[in-house]
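Given next are the chains, with one letter for each unit.
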Amino acid sequence: QALKTQSVSYESPSNIALIKYWGKHGVQIPKNPSISFTLNNCKTTTKLSFEKRTNFDEAYDLKVILDGKHKPGFEPKIHQFFGRIDEYLPFIKEYRFTIDTTNSFPHSSGIASSASGLSALALCLMEMEREMHPEMSLKRFNQKASFIARLGSGSGCRSLEGPLVVWGEHADIEGSSDVYGVQYPYEVHSVFDHYQDTILLVDKGEKPVSSTVGHNLMHNHAYAASRFDQAVENLALLVPILKEGNLDEFVSLVESEALTLHAMMLTSKPYFILMKPNTLKIIDKIWEYRRDTSIPVCFTLDAGANVHVLYPKKDKEAVQEFIKNDLSIYCQDNRYIFDNVGNGAIKL
Ligand code: PMV
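Analysis parameters
Sequence order as written defines the numbering, with residues in each chain counted from 1. Selection of residues for local features in this predicted model requires a pLDDT of at least 70, selection of side-chain atom pairs for listing and counting requires 80 or more, and totals for whole chains, interfaces and linings are taken over all residues. Whether a residue is near a molecule or strand depends on its C-beta atom, placed from the backbone, lying within 6 Å of it. Three classes are used, and their members are as follows: Ala, Val, Leu, Ile, Met, Phe, Trp, Tyr, Cys and Pro are nonpolar, Asp, Glu, Lys and Arg are charged, and the others, Gly among them, are polar. Note that the domain bounds reflect an automated or database-derived domain assignment. For every residue pair, C-beta atoms are placed from the backbone, and the pair is scored as a contact if these atoms sit within 7 Å. Under the scheme used here, helices are H or I runs from DSSP no shorter than 4 residues and strands are E runs no shorter than 2 residues, and both carry numbers assigned from the N terminus. Two strands make a pair as long as DSSP finds a minimum of two bridges between them. The angle between two axes is taken between their N-to-C directions and runs from 0 to 180 degrees, where each axis is a line fitted to C-alpha atoms and a helix contributes only its stretch in contact. Just so you know how the angles are binned, under 35 degrees is roughly parallel, over 145 roughly antiparallel, 65 to 115 roughly perpendicular, and the rest oblique. Each helix crossing is assigned a hand: it is left-handed if the near helix lies turned anticlockwise from the far helix by less than a right angle, otherwise right-handed if that turn is clockwise. Put simply, a residue is buried when 20 or more other C-beta atoms lie within 10 Å of its own C-beta and exposed when 12 or fewer do; between those, it is partly exposed, and each C-beta is set from the backbone. UniProt positions are given in the numbering used here, feature names are shortened, and annotations may be inferred rather than shown by experiment. Note on terminology: a nonpolar core is a set of buried residues of type Ala, Val, Leu, Ile, Met, Phe, Trp, Tyr or Cys, with members joined through C-beta atoms within 7 Å.

Named according to an unreviewed UniProt entry, the protein is Diphosphomevalonate decarboxylase originating from Leeuwenhoekiella blandensis.

Visitor: Describe the site of the ligand, listing the residues and the values that go with them.
Guide: Close contacts around the ligand come from 15 residues, with Ala17, Tyr21, Gly154, Ser155 and Ala303 the closest. Per-class residue counts for the shell around the ligand are six nonpolar, seven polar and two charged. Here the shell around the ligand gathers at least three residues from each of two domains, domain 1 (7-188) and domain 2 (195-340).

Visitor: Just give me the short version of the domain arrangement of the protein, but keep the residues and values in it.
Guide: Domain boundaries in the protein define domain 1 (7-188) and domain 2 (195-340). Relative to domain 2, the C-alpha centre of domain 1 lies at a distance of 24 Å. Listed per partner, the contact involves 27 residues of domain 1 and 34 residues of domain 2. Looking at the side of domain 1 that touches domain 2, the element that brings in the most residues is strand E4 (residues 34-52), giving six residues.

Visitor: Account for the sheet that holds strand E11 (residues 298-301), with residues named and values stated.
Guide: Across the sheet, four strands lie side by side as E11-E12-E10-E13; this open sheet has antiparallel pairing. Edge positions in the open sheet fall to E11 and strand E13 (336-340), since each of these has one partner strand only. Along the sheet, successive strands turn relative to each other by an average axial angle of 25 degrees, direction set aside. One ladder, built from four bridges, connects E11 with strand E12 (residues 307-311); its direction is antiparallel. Residue pairing for E12: Thr300 is matched across the bridge by His308. Packed on one face of the sheet, helix H6 (residues 247-266) meets E11 and E12 and runs near 30 degrees to E11.

Visitor: How would you summarise the packing of helix H2 (residues 114-132) against helix H3 (residues 138-152) if you had to cite specific residues and measurements?
Guide: The N-to-C vectors of H2 and H3 enclose an angle of 135 degrees; their axes lie 8 Å apart at closest approach. It follows from the interaxial angle that H2 and H3 lie oblique. In this structure, the crossing between H2 and H3 has a hand that is right-handed. Residues Leu118, Ser119, Leu121, Ala122, Leu123, Leu125, Met126 and Arg130 of H2 form the contact with H3, whose participating residues are Phe141, Lys144, Ala145, Ile148, Ala149 and Gly152. Of the residues contributing to the contact of H2 with H3, the split by class is ten nonpolar, two polar and two charged.

Visitor: So what's going on with the pairing of E11? Which residues, and what values?
Guide: Of the two faces of E11, the one lined by Cys298 and Thr300 and the one lined by Phe299 and Leu301 are each fully buried. In sequence, E11 turns back onto E12 through a hairpin of five residues.

Visitor: Could you give me a rundown of the UniProt feature "domain: Mvd1 C-terminal" (unreviewed entry) in the protein, with the residues and numbers involved?
Guide: Taken from the UniProt record, the annotation "domain: Mvd1 C-terminal" (unreviewed entry) applies to residues 199-328. Note that residues 199-328 is 58% helix and 8% strand, and that its end C-alpha atoms are spaced 10 Å apart.

Visitor: Which residues make up the nonpolar core, and what values go with them?
Guide: Counting 88 residues, the largest nonpolar core has Ile35, Ala122, Leu123, Leu125, Leu200 and Val309 as the members making the most contacts within it. Per element, the largest residue contribution to this core is ten residues, and it comes from H2. Taken domain by domain, this core gets at least three of its residues from each of domain 1 (7-188) and domain 2 (195-340). When residues no more than four places from it in sequence are discounted, the contact partners of Leu200 are Ile282, Asn306, Val307, Val309, Leu327, Tyr330, Cys331 and Tyr336.

Visitor: Tell me about unusual backbone geometry, residues and numbers included.
Guide: For the bond running from Gly162 to Pro163, omega is 0 degrees, close enough to zero to count as cis. With respect to the helices, strands and loops of the structure, Pro163 is situated in the loop between H3 and strand E8 (164-167). For the bond from Lys269 to Pro270, the omega torsion is 0 degrees, close enough to zero to count as cis. With respect to the helices and strands, the residue Pro270 is situated in the loop between H6 and helix H7 (277-293). Residues other than glycine seldom take positive phi values, yet Ser294 does so here, at roughly 60 degrees. Structurally, the position occupied by Ser294 is in the loop between H7 and E11.

See below:
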């Protein structure tokens, strides 16, 4: 089947989990449900160009260009991704692809680009699928695009929509699924509108332990079963918090989730630490500031040393002053990124 278009472009953001996904089984099936804020400024833009292929030396014919430069080093990862999705998008064997991609956030800043990058690529491929199957509903398109993104980057399946996305089956969340992310379906208090996230870049060095290895260490982990139960419980607790806009409870739940994620790392076998001394200094400063001002600012962490500072839009001016004056000194090269909650990927 020949397609009329020859390229498609998408912009897809990163996301930050409030309830963390840590531990998986099968092919990227989460051990517990998670929920994230979709970001707005931290995003990947990908242009996928394609033509019928003539060279069949390898299973797939693809080329990766990052910031205008050919990057063969990234290609094995995409070959592996294609191997996983081939069954669901069989046309990928028939085309020669050029994946031209750029990230809005600085290179090697320690911000994972896999969620935004793989979701952008999944959406481009799904756009080809849509051209072949124009009868496909929007709901089906979104589900399958998130499903495909999940096979590339687990947490990437939460980047397509916004402002809040749930991934992983949960009895209280209608429509939730282990195989794709869904937009959070319930009422959210206006205090969470345009919620702010400033990402403090504490350490841009390579992580000593990758997420893949970290997830695997949850197999046979002494506290795994109770952690997975706790995540289910925490998501149930978050539903009324989001509805009522109870920021005190939001702050304690979100910070507890971040510290629990890192506690799982500290108690893995072998154990490891991804936080850096400055991560703790920042946490301490945030707690001090919150005590002194009663502004409901809190932190969360990903699988790394960087700190995400979360706060309501109405406190933006004060908190951003605090970040510039008191927190930026703990960032590598004084770098941080002001971001806020966004609505997901867009077709360009
Ligand atoms: O999607 P992965 O395999 O990079 O795992 C990401 C896990 C965390 O960022 C630590 C938590 C999450 O839910 O995003």
